[in-house]
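# Residue-level structural notes
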Amino acid sequence: MAEGNQFLTYKGYPLVRSGNTLYYGNMYDPFVCMLTIKNTKKVKDMDVPNRVVVQLMSTNPSAKPEEIIRKKSEKVGLYAAMDIASIWLQRALKEES
């Protein structure tokens, strides 16, 4: 679990969950990914994310609302969603630098 200012990380970037929404990336960077769990399915006794919406978002506070979301996709399963989020985030941050 996260203690103090330490967050769970995935491929070197922070991963924070709030309800059915996960934020992937550092909020001080130009982009983050927002993953929204739309529904879950039962696997044995656990609820596992099934449909997940992935959005690459700008963190620029002066960006116009229509420019905030740069990419959007829906994936089946959390692994596929995290995989595309990681690729999008790395590419976007590389292009910005």
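See the structure printed just above.
We now turn to the structure provided with this report. (Residues numbered from 1 in each chain as written. Predicted model: local features only at pLDDT ≥ 70, side-chain atom pairs only at ≥ 80, totals over all residues. Heavy atoms only, no water.)

For helix 2 (residues 78–96), spanning 19 residues, the distance from its first C-alpha to its last is 27 Å, which sits close to the expected 27 Å at 1.5 Å a residue. All of the buried residues in helix 2 are Ala81, Met82, Ile84, Ala85, Ser86, Trp88, Leu89, Ala92 and Leu93. Considering only its buried residues, helix 2 is in contact with strand 1 (8–10), strand 2 (13–18), strand 3 (21–24), strand 4 (31–43), strand 5 (46–58) and strand 6 (69–76). (Helix = DSSP H or I, 4+ residues; strand = E, 2+ residues; numbered from the N terminus. Expected span 1.5 Å × (residues − 1). Buried < 20%, exposed > 50% of the residue type's maximum accessible area, 1.4 Å probe, protein only. Contact = heavy atoms within 4.5 Å.)

Let us now look at the sheet that holds strand 6. In spatial order, the strands read 1-2-3-4-5-6; together these six strands make up an open sheet with antiparallel pairing. Each of the sheet's edge strands pairs with one partner strand only, and the pair in question is strand 1 and strand 6. In this sheet, adjacent strand axes meet at a mean angle of 30° when their direction is disregarded. Where strand 5 meets strand 6, seven bridges bridge the pair, whose relative direction is antiparallel. (Pairing = 2+ DSSP bridges. Axes fitted to C-alpha atoms, helices over the stretch in contact; angles between N-to-C directions.)

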